Amino acid sequence: MEHLLGDIPPLIAGYLPPQDAINFSRTCRKLNSQLSLTVTHPRQILTNFAKRDCNNDCHYGFQIPVISQVSVHSILIVMNWKDQGWGNRKGRVLVVAERENQTNDRASLGQRLGQGQEFAGGRVVYASGIAPHESQRLQIILKPRLKESYHIWYVVGGGGGHNLALFNVNVQAIVFDEPSR
């Protein structure tokens, strides 16, 4: 019975958002030692990513680094973002999960923006709203799966004069320190 109880807290933590999982692990010493959750230091992966476009196509941006040596509870991606600052707002950001060693023809993609849909041979795990005119913070939380990589895709917007800018893109992970988790 004691062993069974030991398996339950990690399962519960797996369903919780990052901050709640950390708070759950800190409720008592026993849970803290059972869960062994650690927050990594934020890592800046990009300082400035600015794109201009005149169509509504989805474009490949960049890969999001995910720790693979330990079990990851969640990944937090934080950035500032904005569009051109005037006119119609059309810019969007997506995160697409791809299976490990999967090759995709990124040049022949259509526009599918719904979360949970199949996209570019992967699946959309996050679809933002429309980018603001003024710089705002965008926070994305991912629950990574084994043998998947994660990629930022973006839409700038059609009609001419549209820009999308991502600034100070940082990644932080919450990991299970104990390798058996």
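Criteria and cut-off values
Per chain, the residues get numbers from 1 upward, laid out in the order the sequence is written. The model is predicted, so local features are restricted to residues of pLDDT at least 70 and side-chain atom pairs to those at 80 or more, both for listing and for counting; the totals for chains, interfaces and linings are taken over all residues. Only hydrogens and water are set aside; all other atoms, that is, all heavy atoms of the structure, feed into the side-chain values. In plain words, nonpolar cores are sets of buried Ala, Val, Leu, Ile, Met, Phe, Trp, Tyr and Cys residues tied together by side-chain atoms within 4.5 Å. Here the term buried applies to any residue with accessible area under 20% of the maximum for its type, exposed to any over 50%, and partly exposed to those in between, with areas from a 1.4 Å probe on protein chains only. A run of H or I in DSSP becomes a helix once it reaches four residues, and a run of E becomes a strand once it reaches two; helices and strands are each numbered from the N terminus. Whether two residues touch is decided by their heavy atoms; if any such pair falls within 4.5 Å, the residues are in contact. Pairing of aromatic side chains requires ring centres within 6.5 Å, counting the rings of Phe and Tyr and the six-membered ring of Trp. Pairs whose planes differ by under 30 degrees are stacked, by over 60 edge-to-face, and all others tilted. Two strands are counted as paired when DSSP detects at least two bridges linking them. Grid points spaced at 1 Å and placed over the protein atoms alone form the basis of the search, with a cavity being a set where a 1.4 Å probe fits but cannot get out and a pocket an open set showing protein on both sides within 12 Å along at least five of seven lines. Lining residues have an atom within 4 Å of a point. Grid points are joined across faces, edges and corners, and a volume is the space filled by probe spheres set on the points. Residue classes follow a fixed rule: Ala, Val, Leu, Ile, Met, Phe, Trp, Tyr, Cys and Pro count as nonpolar, while Asp, Glu, Lys and Arg count as charged, and any other residue, Gly among them, counts as polar.

A. Spotlight on the nonpolar core. Formed by 27 residues in total, the largest nonpolar core has its most connected members in I64, I77, V95, I140, L142 and L166. At the level of elements, β3 (58–64), β4 (71–83), β5 (92–99), β7 (122–127), β8 (136–142), β9 (148–155) and β10 (162–176) are the ones that each hand at least two residues to this core. Per element, the largest residue contribution to this core is six residues, and it comes from β10. Aside from chain neighbours lying at most four places away, what touches I64 is I77, V95, L142, Y150, H151, I152 and V171.

B. Inspection of the packing of aromatic side chains at higher detail. Per the counting criterion, the structure on display carries three aromatic pairs. Note on F49 and Y154: the rings are 5.4 Å apart at their centroids and 80° apart in plane angle, and the pair reads as edge-to-face. Remark: Y154 occurs in strand β9 and F49 occurs in strand β2 (residues 43–53); sequence separation between them is 105 residues. Of the two residues, F49 and Y154, both sit in the buried class. A ring pair is formed by Y60 and W153, whose centres lie 5.3 Å apart and whose planes are at 80°; its orientation type is edge-to-face. Of this pair, Y60 sits in strand β3 while W153 sits in strand β9; the two residues are 93 residues apart in sequence, bridging distant segments of the chain. Within the aromatic cluster, the residues linked to one another by ring pairs are F49, F62 and Y154.

C. Broad picture of unusual backbone geometry. The phi dihedral of K147 falls on the positive side, at around 60°, and the residue is not glycine. Here K147 is to be found in the loop between β8 and β9. Positioned with a positive phi, N168 is a non-glycine residue whose angle comes to about 50°. Looking at the secondary structure, you find N168 in strand β10. Residue classification places N168 among the partly exposed residues on the basis of a relative accessible area of 36%.

D. Inspection of the pairing of β5 at higher detail. With six of eight residues buried, β5 is to be regarded as a mostly interior element. Inspection of the sheet shows β5 paired to β9 by eight bridges, in the antiparallel sense. Bridging from a neighbouring strand, A97 pairs with Y150 of β9. The pairing of β5 with β7 spans four bridges and is antiparallel. What sits directly across from L94, in β7, is A127.

E. Spatial organisation of the environment of D53. Structurally, D53 is set in strand β2. Looking at D53, the relative accessible area reads 14%, which means it is buried. C-alpha of D53 to C-alpha of L164: the two residues are 111 residues apart in sequence and 8.6 Å apart in space. With residues up to four places along the chain from it excluded, the contact list for D53 reads H59, V156, G157, G161 and H162.

F. The layout of surface pockets, seen in detail. Each pocket or cavity is described by its volume, and for the largest pocket that value is around 570 Å³. Taken together, 24 residues make up the lining of the largest pocket; nearest its centre are S71, V72, P144, R145 and L146. Mapped by element, the contributors of at least two residues to the lining of the largest pocket are α1 (2–15), β3, β4 and β9. Along the lines of polarity and charge, the residues of the lining of the largest pocket split into 12 nonpolar, six polar and six charged. P18, Q19, I22, V39, S74, I75, L76, Q139, I141, Q172, A173 and I174 together form the lining of the second largest pocket. Sorting the residues of the lining of the second largest pocket by element identifies α2 (18–25), β4, β8 and β10 as the ones contributing at least two each. Of the residues belonging to the lining of the second largest pocket, the class tally is eight nonpolar, four polar and no charged.

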